[in-house]
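# Structural characterization, general
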Amino acid sequence: MIVAIDGPAASGKGTLAKRVAAHYGLPHLDTGLLYRAVARDALASAIDLDDAAGAAGVAEALEVATLADPDLRTAEIGEAASRVARHPAVRTVLLAYQRTFASAAPGAVLDGRDIGTVICPGADVKLFVSATPEVRALRRFLELTGRGVDISQEAVLADIRARDERDSTRGTAPLVQAKDAVLLDTSNLDIDAAFRAALDLIEAAMSRAGRAG
Ligand code: CDP
(Lines give C-alpha, C1' and ligand atoms only; values in the text may rest on other atoms or scores of the structure.)
Protein backbone atom coordinates (compact mmCIF):
# COMPACT_ATOMS: atom_id res chain seq x y z
CA MET A 1 0.00 0.00 0.00
CA ILE A 2 1.36 3.42 -0.98
CA VAL A 3 0.01 6.42 0.92
CA ALA A 4 0.74 9.89 -0.51
CA ILE A 5 0.40 12.80 1.90
CA ASP A 6 0.86 16.28 0.45
CA GLY A 7 0.21 19.75 1.75
CA PRO A 8 1.58 23.23 2.33
CA ALA A 9 4.30 24.24 4.77
CA ALA A 10 3.83 23.18 8.39
CA SER A 11 0.44 21.60 7.69
CA GLY A 12 1.28 18.70 10.00
CA LYS A 13 1.67 16.24 7.13
CA GLY A 14 5.02 15.00 8.46
CA THR A 15 3.65 14.14 11.90
CA LEU A 16 0.59 12.51 10.36
CA ALA A 17 2.67 10.56 7.86
CA LYS A 18 4.91 9.24 10.63
CA ARG A 19 1.94 8.05 12.66
CA VAL A 20 0.16 6.53 9.68
CA ALA A 21 3.34 4.68 8.74
CA ALA A 22 3.79 3.33 12.28
CA HIS A 23 0.13 2.25 12.37
CA TYR A 24 0.44 0.17 9.20
CA GLY A 25 4.04 -0.91 9.78
CA LEU A 26 5.23 0.83 6.61
CA PRO A 27 8.44 2.77 6.01
CA HIS A 28 8.06 6.55 5.89
CA LEU A 29 9.90 9.08 3.73
CA ASP A 30 9.70 12.79 4.56
CA THR A 31 10.59 14.04 1.07
CA GLY A 32 11.00 17.63 2.29
CA LEU A 33 14.18 16.46 3.98
CA LEU A 34 15.68 15.65 0.56
CA TYR A 35 15.23 19.25 -0.59
CA ARG A 36 16.35 20.58 2.77
CA ALA A 37 19.51 18.45 2.62
CA VAL A 38 20.29 19.65 -0.92
CA ALA A 39 19.86 23.23 0.31
CA ARG A 40 22.13 22.59 3.31
CA ASP A 41 24.86 21.07 1.12
CA ALA A 42 24.56 23.83 -1.51
CA LEU A 43 24.94 26.50 1.17
CA ALA A 44 27.91 24.66 2.70
CA SER A 45 29.65 24.58 -0.70
CA ALA A 46 28.73 28.22 -1.46
CA ILE A 47 26.70 27.16 -4.49
CA ASP A 48 24.21 29.80 -5.63
CA LEU A 49 20.69 28.52 -4.87
CA ASP A 50 19.56 29.93 -8.23
CA ASP A 51 22.21 27.88 -10.08
CA ALA A 52 20.17 24.93 -11.38
CA ALA A 53 23.12 22.87 -12.62
CA GLY A 54 25.10 23.49 -9.43
CA ALA A 55 22.15 22.50 -7.23
CA ALA A 56 21.50 19.38 -9.35
CA GLY A 57 25.14 18.38 -8.86
CA VAL A 58 24.64 18.73 -5.11
CA ALA A 59 21.49 16.57 -5.34
CA GLU A 60 23.46 13.86 -7.18
CA ALA A 61 26.08 13.81 -4.43
CA LEU A 62 23.50 13.73 -1.63
CA GLU A 63 24.18 11.21 1.14
CA VAL A 64 20.78 9.98 2.37
CA ALA A 65 22.36 9.01 5.69
CA THR A 66 22.57 12.77 6.44
CA LEU A 67 18.76 13.25 6.31
CA ALA A 68 18.57 12.67 10.06
CA ASP A 69 20.49 15.91 10.72
CA PRO A 70 18.28 17.93 13.16
CA ASP A 71 19.69 21.19 11.72
CA LEU A 72 17.64 20.56 8.56
CA ARG A 73 14.50 21.73 10.38
CA THR A 74 15.38 25.43 10.61
CA ALA A 75 13.35 28.15 8.86
CA GLU A 76 16.45 29.26 6.92
CA ILE A 77 16.97 25.79 5.47
CA GLY A 78 13.23 25.55 4.67
CA GLU A 79 13.44 28.79 2.72
CA ALA A 80 16.59 27.66 0.89
CA ALA A 81 14.95 24.26 0.20
CA SER A 82 12.05 25.89 -1.60
CA ARG A 83 14.54 27.77 -3.79
CA VAL A 84 16.48 24.66 -4.87
CA ALA A 85 13.17 22.76 -5.23
CA ARG A 86 12.18 25.07 -8.12
CA HIS A 87 14.83 23.57 -10.41
CA PRO A 88 13.51 20.75 -12.63
CA ALA A 89 17.03 19.26 -12.74
CA VAL A 90 17.11 18.95 -8.95
CA ARG A 91 13.66 17.34 -8.91
CA THR A 92 14.66 14.84 -11.61
CA VAL A 93 17.67 13.71 -9.58
CA LEU A 94 15.55 13.21 -6.43
CA LEU A 95 12.66 11.52 -8.25
CA ALA A 96 14.40 8.17 -8.75
CA TYR A 97 15.23 7.80 -5.06
CA GLN A 98 11.63 8.58 -4.04
CA ARG A 99 10.12 6.16 -6.60
CA THR A 100 12.48 3.39 -5.54
CA PHE A 101 11.61 3.98 -1.89
CA ALA A 102 7.88 3.90 -2.66
CA SER A 103 7.95 0.80 -4.81
CA ALA A 104 9.78 -1.47 -2.36
CA ALA A 105 7.50 -4.04 -0.67
CA PRO A 106 5.33 -3.80 1.42
CA GLY A 107 4.70 -0.19 0.40
CA ALA A 108 5.38 3.16 2.01
CA VAL A 109 4.05 6.45 3.27
CA LEU A 110 5.59 9.51 1.60
CA ASP A 111 4.87 13.12 2.47
CA GLY A 112 5.72 16.23 0.49
CA ARG A 113 4.27 18.53 -2.16
CA ASP A 114 4.09 16.43 -5.32
CA ILE A 115 3.76 12.85 -4.10
CA GLY A 116 0.19 12.36 -5.34
CA THR A 117 0.73 14.33 -8.55
CA VAL A 118 4.23 13.39 -9.76
CA ILE A 119 6.13 10.91 -7.58
CA CYS A 120 3.37 8.32 -6.97
CA PRO A 121 0.42 9.22 -9.22
CA GLY A 122 -0.87 5.67 -8.76
CA ALA A 123 -0.78 5.77 -4.94
CA ASP A 124 -3.53 3.72 -3.24
CA VAL A 125 -4.49 6.64 -1.01
CA LYS A 126 -3.83 10.36 -1.46
CA LEU A 127 -4.39 12.88 1.30
CA PHE A 128 -3.98 16.63 0.97
CA VAL A 129 -3.45 18.00 4.47
CA SER A 130 -4.06 21.67 5.05
CA ALA A 131 -4.89 24.30 7.67
CA THR A 132 -5.10 28.08 7.69
CA PRO A 133 -1.74 29.88 7.45
CA GLU A 134 -2.26 31.29 10.96
CA VAL A 135 -2.84 27.85 12.49
CA ARG A 136 0.15 26.42 10.65
CA ALA A 137 2.34 29.33 11.74
CA LEU A 138 1.34 28.86 15.39
CA ARG A 139 2.13 25.14 15.28
CA ARG A 140 5.51 25.70 13.63
CA PHE A 141 6.28 28.56 16.05
CA LEU A 142 5.60 26.28 19.04
CA GLU A 143 7.70 23.50 17.49
CA LEU A 144 10.67 25.80 16.81
CA THR A 145 10.59 27.66 20.12
CA GLY A 146 10.16 24.30 21.89
CA ARG A 147 13.51 23.34 20.42
CA GLY A 148 15.04 26.57 21.70
CA VAL A 149 14.98 28.47 18.39
CA ASP A 150 14.66 32.25 18.82
CA ILE A 151 12.03 33.35 16.26
CA SER A 152 8.82 35.42 16.28
CA GLN A 153 5.41 34.11 15.28
CA GLU A 154 5.19 36.87 12.65
CA ALA A 155 8.46 35.72 11.09
CA VAL A 156 7.21 32.13 10.95
CA LEU A 157 3.96 33.23 9.29
CA ALA A 158 5.88 35.32 6.73
CA ASP A 159 8.15 32.36 5.97
CA ILE A 160 5.19 30.02 5.50
CA ARG A 161 3.38 32.44 3.20
CA ALA A 162 6.50 33.06 1.10
CA ARG A 163 7.22 29.35 0.72
CA ASP A 164 3.61 28.46 -0.11
CA GLU A 165 3.62 31.15 -2.79
CA ARG A 166 6.91 29.94 -4.29
CA ASP A 167 5.93 26.26 -4.06
CA SER A 168 2.48 26.83 -5.60
CA THR A 169 3.60 28.97 -8.53
CA ARG A 170 6.70 27.12 -9.73
CA GLY A 171 6.56 25.61 -13.20
CA THR A 172 7.58 22.07 -12.25
CA ALA A 173 5.64 19.90 -9.78
CA PRO A 174 3.91 22.81 -8.03
CA LEU A 175 2.10 22.36 -4.74
CA VAL A 176 -1.43 21.43 -5.81
CA GLN A 177 -4.04 18.99 -4.60
CA ALA A 178 -4.18 15.96 -6.90
CA LYS A 179 -7.61 15.51 -8.52
CA ASP A 180 -8.08 12.20 -6.72
CA ALA A 181 -6.72 13.35 -3.34
CA VAL A 182 -8.96 13.80 -0.31
CA LEU A 183 -8.67 17.11 1.54
CA LEU A 184 -8.03 16.89 5.27
CA ASP A 185 -8.37 20.33 6.87
CA THR A 186 -6.74 20.18 10.29
CA SER A 187 -7.39 23.84 11.27
CA ASN A 188 -9.70 22.72 14.06
CA LEU A 189 -8.18 19.31 14.81
CA ASP A 190 -5.41 18.43 17.25
CA ILE A 191 -2.90 15.79 16.22
CA ASP A 192 -4.88 12.86 17.66
CA ALA A 193 -8.09 13.97 15.94
CA ALA A 194 -6.22 14.57 12.67
CA PHE A 195 -4.67 11.10 12.92
CA ARG A 196 -8.08 9.47 13.48
CA ALA A 197 -9.54 11.42 10.55
CA ALA A 198 -6.62 10.35 8.34
CA LEU A 199 -7.10 6.69 9.29
CA ASP A 200 -10.83 6.93 8.50
CA LEU A 201 -10.06 8.38 5.08
CA ILE A 202 -7.41 5.72 4.37
CA GLU A 203 -9.71 2.87 5.45
CA ALA A 204 -12.54 4.29 3.32
CA ALA A 205 -10.26 4.59 0.28
CA MET A 206 -8.93 1.05 0.75
CA SER A 207 -12.39 -0.45 1.09
CA ARG A 208 -13.58 1.43 -2.03
CA ALA A 209 -10.55 0.05 -3.89
CA GLY A 210 -11.28 -3.45 -2.54
CA ARG A 211 -14.89 -3.28 -3.76
CA ALA A 212 -13.79 -1.97 -7.15
CA GLY A 213 -11.15 -4.70 -7.48
O1 CDP B 1 7.96 20.76 6.93
P2 CDP B 1 7.56 21.85 5.96
O3 CDP B 1 6.17 21.66 5.46
O4 CDP B 1 7.81 23.23 6.48
O5 CDP B 1 8.54 21.75 4.72
P6 CDP B 1 9.15 20.46 4.02
O7 CDP B 1 8.08 19.47 3.72
O8 CDP B 1 10.34 19.99 4.79
O9 CDP B 1 9.65 21.04 2.61
C10 CDP B 1 10.64 22.05 2.48
C11 CDP B 1 10.57 22.59 1.06
O12 CDP B 1 10.97 21.54 0.17
C13 CDP B 1 9.20 23.00 0.59
O14 CDP B 1 8.91 24.37 0.87
C15 CDP B 1 9.24 22.72 -0.90
O16 CDP B 1 9.76 23.81 -1.63
C17 CDP B 1 10.22 21.59 -1.03
N18 CDP B 1 9.55 20.30 -1.28
C19 CDP B 1 9.17 20.01 -2.58
O20 CDP B 1 9.34 20.84 -3.47
N21 CDP B 1 8.63 18.80 -2.88
C22 CDP B 1 8.43 17.88 -1.93
N23 CDP B 1 7.91 16.69 -2.27
C24 CDP B 1 8.77 18.16 -0.58
C25 CDP B 1 9.32 19.40 -0.29
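In this report, the structure presented in the accompanying data block is examined. Model, not experiment: these values are computed from the prediction.

Contacts to the ligand come from 19 residues, most closely from Lys13, Arg36, Arg91, Arg163 and Asp167. With respect to the ligand, the side chain of Lys13 contributes an N or O atom lying 2.6 Å from an oxygen atom. Coverage of the ligand by the protein amounts to 97% of the 530 Å² it exposes when considered alone. Those elements that place two or more of their residues in the shell around the ligand are α2 (32-44), α4 (75-84) and α8 (153-169). The element best represented in the shell around the ligand is α2, accounting for three residues. Along the lines of polarity and charge, the residues of the shell around the ligand split into six nonpolar, four polar and nine charged.

Next up on the list: the pattern of salt bridges. With the rule as written, the count across this model stands at 16 salt bridges. One salt bridge connects Arg19 with Asp192, and the closest N-O pair in it is separated by 2.9 Å. One end of the pair, Arg19, is in helix α1 (residues 13-24); the other, Asp192, is in helix α9 (residues 191-212), and 173 residues separate them in sequence. Of the residues examined, Arg19 reaches a relative accessible area of 31% and is grouped as partly exposed. Asp192 gets classed as partly exposed once you look at its relative accessible area, which sits at 38%. The partner of Asp114 in a salt bridge is Arg91, and the shortest N-O contact between them spans 2.9 Å. You can see Asp114 sitting in the loop between β3 (108-112) and α6 (115-119) and its partner Arg91 sitting in helix α5 (residues 88-103), a full 23 residues away along the chain. Asp114 gets classed as buried once you look at its relative accessible area, which sits at 2%.

Conventions used here
- Starting from 1, residues in each chain are numbered consecutively following that chain's sequence as written.
- Only residues with pLDDT of at least 70 are given local features in this predicted model, and only at 80 or more are side-chain atom pairs given and counted; all residues enter the totals for whole chains, interfaces and linings.
- Processing note: side-chain calculations cover all non-hydrogen atoms of the structure and skip hydrogens and water entirely.
- Being near a molecule or strand, for a residue, comes down to having at least one heavy atom within 4 Å of it.
- Two N or O atoms count as a polar contact when they lie within 3.5 Å, although within protein this holds only if one can serve as hydrogen donor and the other as acceptor, and sequence-adjacent residues are included solely when both atoms are side-chain atoms.
- Computed with the Shrake-Rupley method and a 1.4 Å probe, the accessible areas treat only the protein chains shown as cover for residues.
- Numbering of helices and strands runs from the N terminus; a helix is a DSSP stretch of H or I covering at least four residues, while a strand is a stretch of E covering at least two.
- Each residue gets one label: Ala, Val, Leu, Ile, Met, Phe, Trp, Tyr, Cys and Pro are nonpolar, Asp, Glu, Lys and Arg are charged, and the others, such as Gly, are polar.
- Salt bridges are defined by distance alone: a side-chain nitrogen of Lys or Arg within 4 Å of a carboxyl oxygen of Asp or Glu.
- Summary of the burial criterion: residues with accessible area below 20% of their type's maximum are buried, those above 50% are exposed, and those between are partly exposed, where the area comes from a 1.4 Å probe applied to protein chains only.

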